[in-house]
Amino acid sequence: MWTILQKITKNLILAIPVMMVAGFIYGLSFDPTWLKSMIIPFTFLMVYPMMVTLKVKKVFEGGDGKAQLLTQMINFGIVPFVAFGFGMYFFSDRPYMALGLLLAGLVPTSGMTISWTGFAKGNMSAAVKMTVVGLVAGSLLTPVFVKLLMGASIEINLMAVFKQIVFIVFLPMGLGFLTQKFMIKRYGQADFQKYVGPKFPTISTLGVLGIVFVALALKAKTIASAPEVLLSILVPLLLLYLFNFTLSTLVGKTLLPRGDAIALVYGSVMRNLSIALAIAINAFGAQGSDAALVIAVAYIIQVQSAAWYVRFTDKIFGNSQPKPARFACQG
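Worth saying up front: this structure is predicted, and the values here are computed from it rather than measured. Along each chain, residues carry numbers from 1 onward, in the same order as the chain's sequence is written. Only residues with pLDDT of 70 or above have their local features reported here, since the model is predicted, and side-chain atom pairs are shown and tallied only from 80 upward, although totals for entire chains, interfaces and linings are computed over all residues. Remark: hydrogens and water are excluded; side-chain values derive from all non-hydrogen atoms of the structure.

Draft legend 1. Here's a closer look at the side chain of Gln302. Within the element layout of this structure, Gln302 appears in helix H15 (residues 288-317). For the exposure calls, accessible area comes from a 1.4 Å probe over protein chains only, and a residue counts as buried if that area is under 20% of its type's maximum, exposed if over 50%, partly exposed in between. The exposure class of Gln302 is buried, given its relative accessible area of 6%. Under the scheme used here, helices are H or I runs from DSSP no shorter than 4 residues and strands are E runs no shorter than 2 residues, and both carry numbers assigned from the N terminus.

Draft legend 2. Structural view of the nonpolar core. Side-chain atoms within 4.5 Å are what join buried Ala, Val, Leu, Ile, Met, Phe, Trp, Tyr and Cys residues into a set we call a nonpolar core. Core analysis: the biggest nonpolar cluster contains 97 residues, and Leu99, Leu103, Ile233, Leu237, Ile279 and Phe284 have the highest contact counts within it. For this core, the element with the highest residue contribution is H15, accounting for 15 residues. Formed by six residues, the second largest nonpolar core is a distinct cluster that contains Tyr48, Val52, Met183 and Val196.

Draft legend 3. Expanded view of the packing of helix H3 (residues 39-52) against helix H9 (residues 158-187). To get an axis, a line is fitted to the C-alpha atoms, and for a helix only the part in contact is used. The angle between two axes follows their N-to-C directions and goes from 0 to 180 degrees. One can describe the packing of H3 onto H9 by two numbers: an axis separation of 8 Å at closest approach and a directional angle of 45 degrees. Comparing their axes, H9 and H3 come out oblique. In this structure, H3 crosses over H9, and the sense of that crossing is right-handed. In this structure, H3 uses Ile40, Thr43, Phe44, Val47, Tyr48, Met51 and Val52 to contact H9, whose residues at the interface are Phe167, Ile168, Val169, Pro172, Met173, Leu175, Gly176, Phe177, Thr179 and Gln180. Amino acid classes used here: Ala, Val, Leu, Ile, Met, Phe, Trp, Tyr, Cys and Pro are nonpolar; Asp, Glu, Lys and Arg are charged; the rest, including Gly, are polar. Tallied by class, the residues present in the contact of H3 with H9 amount to 13 nonpolar, four polar and no charged. Working definition: roughly parallel below 35 degrees, roughly antiparallel above 145 degrees, roughly perpendicular at 65 to 115 degrees, and oblique for all remaining angles. Throughout, a crossing is termed right-handed when the near helix is turned clockwise from the far one, and left-handed when it is turned anticlockwise from it by less than a right angle. Residues count as neighbours in contact if any of their non-hydrogen atoms are within 4.5 Å of one another.

Draft legend 4. Region of the structure containing helix H4 (residues 65-77). Any helix carries an expected span of 1.5 Å times its number of residues minus one. Counted at 1.5 Å a residue, the expected span for H4 with its 13 residues is 18 Å, and the 17 Å between its end C-alpha atoms agrees. Those residues of H4 lying buried are Ala67, Gln68, Leu70, Thr71, Gln72, Ile74, Asn75 and Phe76. Where H4 is buried, its residues meet helix H5 (79-90), helix H8 (124-150), helix H12 (228-255) and helix H13 (258-269).

Draft legend 5. The layout of surface pockets, seen in detail. In this analysis the probe radius is 1.4 Å and the grid spacing 1 Å, with only protein atoms considered; a cavity is a set of points the probe fits into but cannot get out of, a pocket is an open set with protein on both sides within 12 Å along at least five of seven lines, and lining residues have an atom within 4 Å of a point. Grid points are joined across faces, edges and corners, and a volume is the space filled by probe spheres set on the points. Of the pockets and cavities examined, the second largest pocket occupies roughly 170 Å³. Looking at the second largest pocket, the residues that line it are Lys36, Ile39, Ala215, Leu218, Ile281, Gly285, Ala286, Gly288, Ser289 and Ala292. Looking at the lining of the second largest pocket element by element, the count peaks at three residues for H15. In terms of residue class, the lining of the second largest pocket is made up of six nonpolar, three polar and one charged.

Draft legend 6. Region of the structure containing the environment of Trp308. Along the chain, Trp308 falls in helix H15. On a C-alpha basis, the gap between Trp308 and Val229 in space is 26 Å, while along the polypeptide they are 79 residues apart.

Draft legend 7. Expanded view of H3. For H3, with 14 residues, the first-to-last C-alpha span of 21 Å sits near the 20 Å given by 1.5 Å per residue. With ten of 14 residues buried, H3 lies mostly within the body of the structure. Residues Ile39, Phe42, Thr43, Met46, Val47, Tyr48, Pro49, Met50, Met51 and Val52 constitute the buried set of H3. Next to the buried residues of H3 lie H8, H9, helix H10 (189-196), helix H11 (199-225), helix H14 (273-283) and H15.

Draft legend 8. The arrangement of the pattern of salt bridges in detail. For salt bridges, the criterion is a side-chain nitrogen of Lys or Arg within 4 Å of an Asp or Glu carboxyl oxygen. The final tally for this structure, using the stated rule, is three salt bridges. Lys129 serves as the salt-bridge partner of Asp64, at 2.9 Å between the closest nitrogen and oxygen. Highlighted residues: Asp64 in the loop between H3 and H4 and Lys129 in helix H8, separated in sequence by 65 residues. Across the pair, Lys129 and Asp64 agree in class, each one buried. Note that Arg258 is salt-bridged to Asp314, the shortest N-O span being 2.8 Å. Of this pair, Arg258 sits in helix H13 while Asp314 sits in helix H15; the two residues are 56 residues apart in sequence, bridging distant segments of the chain. Residue classification places Arg258 among the buried positions, given a relative accessible area of 16%.

The following block contains the structure:
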């Protein structure tokens, strides 16, 4: 079972579109209303395993303060406002889709931030810190940003959104921390990191795929009646990710050493779409399915773009292992 889950996790590029198609077909063929009861279980299954491996102590280690500051400036000072602007322009008559675009740009960093930074041979320690700080700050600031930016377009119960974030983020974070402590005590730090810990993120993949399936099933009839809606979602999402990759690359390449620059790119471009999706579905009722559809499509773009960016990392930032110097023979 673990082998299958690991293969699925490594192939989200294919797994997510497959689940989107499956959800779409199910929503057209059957009544998907009952699937709403699966949202809470899938949400917990999605978020809790990620929290078990979260290294909170890394936040208090120094050495990359400039990278951390620049990353969070991009995450909270630029990207949410760009996402809001795109949403208002492309979805001026569909405010809940604009909300979905805003949520996709609001909660930064996920476990994939660390993974992709590692694949690109970036600063893993910096990426871990960015993940923890971005997750906590994003969770606290999301209700405020949503209320300030979208309050004039849709009715927002600020307390309801915050309660959902407590349930979706901070409760699993607390339980995950306790689980981590228990597992380390039982198996030891080395075995936990090598054998036990890596299994948890693969479990969260089931939650992600389940939520994507539900989101598409609930919107299947709407999409079938107006298929151009998917194209209208793709365009602003592609522009948002293109903007974010370009900005982060320029900032990192100009102001930071290679390892920190790569961590900054993945610490600002990778969004925690799992939490954004859970907020959309749990906090905004039936209309939240419009927002969830935008976020579900964002999964495809995020995973694909992250994978392609790794391939061009050496061309952008230079090789991580410089070629050895050549010495002329003397004799």
